[in-house]
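What follows is the residue order along each chain.
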Amino acid sequence: MADYQPVLKAVVPAAGLGTRFLPATKATPKEMLPVVDKPAIQYVVEEAVSAGLHDVLMITGRSKRSIEDHFDRAYELEEALRAKGDEQRLAAVRESSDLATMHYVRQGDPRGLGHAVHCARGHVGNEPFAVLLGDDMIDARDKLLTRMIEVRQRYGGSVVALQEVAPDQVSSYGCAAITGTDEDDVVRITDLVEKPSVEEAPSNWIIIGRYVCDPAVFDVLEKTPPGRGGEIQLTDALRTLADTPAEEGGGVYGVKFRGRRYDTGNKLEYLRTVVQFASERDDLAPEFMPWLREFVARHDAS
Ligand code: UTP
């Protein structure tokens, strides 16, 4: 195995406008919307920590102060809970502030995911790093990021996460042209096509919100012009890296993910996620599930 630098830092872009969730996201970031009783972004930070990344940089923007407050201590609240002897809620409140070493940088203008990632350059420096989208959740039982870091340690370059979708869904996502490696779940990326038509799609594998990037991505992003939607796209920079020699930090690999993913930036998926998480909670499921069954039966009958 080549001797690559370890991946120690996580970057979580959370500066997007969240227009699909308006008006809820007028003053609240979509990453703070709760999945049962925890904001989506806390699950994302927990995932980074469980993959060994304890240094987390959030890319925030306008009206994102609640994210910083959420990962900070809340002394008054803690005091009030302590005075009441409510140890359980006190532990829940402390959990998010004790999770990781948090850092913040503001994006200013949300000029796209690629631009958000470029804002991390000063903090990340010349090291490989992970990117976890703040509204995209991977089930804690499925160790995708850990596997992606292993792949980076073995092959170098950058690594994207891929999920297989039905052919008619490909046109909503970034789609990868792939060739196999000697590992079942690892492919080499030969091209990336943003939102291809069904006929143009090189495969059924789409890119989802986890990346491990070589620091070479920063120089490429600097030269990447705005693409789809006038935004600087991370996908465009990765396409350039797929064509760049390994000695210059190039090469892009994909990990085929067959686990559970929850895209909470999309209303329908968000609703499904909340219901699924509630159905697995010991404190809620015994009452929630019978209600849900009855609700659906009543709904179908009418
Ligand atoms: P999305 O593509 O979901 O964009 O970004 P968005 O603008 O937040 O949401 P909609 O489409 O308007 O509803 C994917 C991730 O990248 C971040 C977002 O916060 C989200 O976590 N992002 C996007 C940035 O940090 N900066 C940007 O300029 C764009």
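Calculation criteria
- Residues numbered from 1 in each chain as written.
- Predicted model: local features only at pLDDT ≥ 70, side-chain atom pairs only at ≥ 80, totals over all residues.
- Heavy atoms only, no water.
- Pairing = 2+ DSSP bridges.
- Helix = DSSP H or I, 4+ residues; strand = E, 2+ residues; numbered from the N terminus.
- Near = heavy atom within 4 Å.
- Polar contact = N/O pair within 3.5 Å; in protein donor to acceptor, adjacent residues only side chain to side chain.
- Nonpolar A, V, L, I, M, F, W, Y, C, P; charged D, E, K, R; others polar.
- Salt bridge = Lys/Arg side-chain N within 4 Å of Asp/Glu carboxyl O.
- Buried < 20%, exposed > 50% of the residue type's maximum accessible area, 1.4 Å probe, protein only.
- Core = buried A, V, L, I, M, F, W, Y, C linked by side-chain atoms within 4.5 Å.
- Contact = heavy atoms within 4.5 Å.
- Phe/Tyr/Trp six-rings, centres within 6.5 Å; stacked < 30°, edge-to-face > 60°.
- Axes fitted to C-alpha atoms, helices over the stretch in contact; angles between N-to-C directions.
- Parallel < 35°, antiparallel > 145°, perpendicular 65-115°, else oblique.
- Patch = residues over 30% accessible without salt bridge, like charges linked within 9 Å, V, L, I, M, F, W, Y side chains within 5 Å.
- Areas by Shrake-Rupley, 256 points an atom, 1.4 Å probe, with all protein chains shown as cover.

(A) The arrangement of the pairing of strand β9 (residues 174-180) in detail. Across seven bridges, the pairing between β9 and strand β10 (residues 186-194) is antiparallel. Bridged to Thr179 within β10 is Arg188. Following β9, the chain reverses through five residues before pairing antiparallel with β10.

(B) Region of interest: the site of the ligand. Looking at the ligand, there are 19 residues lining it, with Thr19, Arg20, Glu31, Gln107 and Gly112 nearest. Side-chain polar atom of Gln107 to a nitrogen atom of the ligand: 2.7 Å apart, as the coordinates give it. Its residues assigned to classes, the shell around the ligand shows eight nonpolar, six polar and five charged.

(C) How the structure looks around the pattern of salt bridges. Inspection of the entire model under this criterion finds 26 salt bridges. Across the pair Glu78 and Arg73 runs a salt bridge whose closest N-O atoms are separated by 2.8 Å. The class of Arg73 is partly exposed, set by a relative accessible area of 28%. Note that Arg82 and Glu79 form a salt bridge whose closest N and O atoms lie 2.9 Å from each other. Of this pair, Arg82 and Glu79 both sit in helix α3 (residues 75-84), separated by three residues, roughly a single helical turn. By relative accessible area, Arg82 is classed as partly exposed at 37%. On the accessibility criterion, Glu79 (45% relative accessible area) is partly exposed.

(D) The nonpolar core, seen in detail. Formed by 49 residues in total, the largest nonpolar core has its most connected members in Val45 and Leu145. Among the elements that take part in this core, helix α1 (residues 40-50) stands out by supplying seven residues, more than any other. Those residues in contact with Val45, other than ones at most four positions away along the chain, are Val56, Met58, Phe71, Leu99, Ala100 and Met102. Core analysis: the second largest hydrophobic core is formed by 33 residues, Leu57, Val131, Val217 and Phe218 among them.

(E) Layout of the environment of Leu144. Looking at the element boundaries, Leu144 is found in helix α7 (residues 144-155). Of the residues examined, Leu144 reaches a relative accessible area of 3% and is grouped as buried. Considering only alpha carbons, one finds Leu144 and Ala27, 117 residues apart in sequence, at a separation of 32 Å. Leave out the neighbours within four places in its chain, and Leu144 touches Ile138, Ala161, Ile208, Arg210, Val255 and Phe257.

(F) Spotlight on the packing of aromatic side chains. Counted under the stated rule, the structure contains seven aromatic pairs. Between Tyr262 and Phe277, the ring centres sit 5.0 Å apart and the planes meet at 80°, which makes this aromatic pair edge-to-face. On the criterion of sequence distance, the pair formed by Tyr262 in strand β13 (residues 261-263) and Phe277 in helix α10 (residues 267-279) is long-range, its members being 15 residues apart. The exposure classification of Tyr262 matches that of Phe277, with both residues buried. Consider the rings of Phe288 and Trp291, whose centres lie 6.0 Å apart with planes at 25°: the pair is stacked. Taken together, the residues span about one helical turn, with Phe288 and Trp291 both in helix α11 (residues 285-301) at a distance of three residues.

(G) The arrangement of the pairing of strand β12 (residues 252-257) in detail. The element β12 is extensively covered by neighbouring structure, given that six of its six residues are classed as buried. Burial along β12 is two-sided: Val252, Gly254 and Lys256 and Tyr253, Val255 and Phe257, pointing in opposite directions, are all buried. When strand β8 (residues 158-164) meets β12, the two strands line up parallel, connected through six bridges. Of the residues in β12, the one forming a bridge with Leu162 is Lys256.

(H) Main features of the packing of α10 against α11. The N-to-C vectors of α10 and α11 enclose an angle of 130°; their axes lie 9 Å apart at closest approach. Of the possible angle classes, the one that applies to α10 and α11 is oblique. The segment α10 lies against α11, with Val275, Ala278 and Ser279 engaging Ala285, Phe288, Met289 and Leu292. In terms of residue class, the contact of α10 with α11 is built from six nonpolar, one polar and no charged.

(I) Structural context of the environment of Asp72. With respect to the helices and strands, the residue Asp72 is situated in the loop between α2 (65-70) and α3. It is 21 Å that separates the C-alpha atoms of Asp72 and Val36, two residues lying 36 residues apart in sequence.

(J) Looking closely at a nonpolar patch on the surface. A cluster of nonpolar side chains, namely Trp291, Phe295 and Val296, defines an oily patch on the protein surface of about 270 Å² accessible area. Positionally, Val296 belongs in helix α11. Accessibility expressed as a relative area gives 40% for Val296, which makes it partly exposed.

In short, the description is geometric, and any link to function would need to be established separately.
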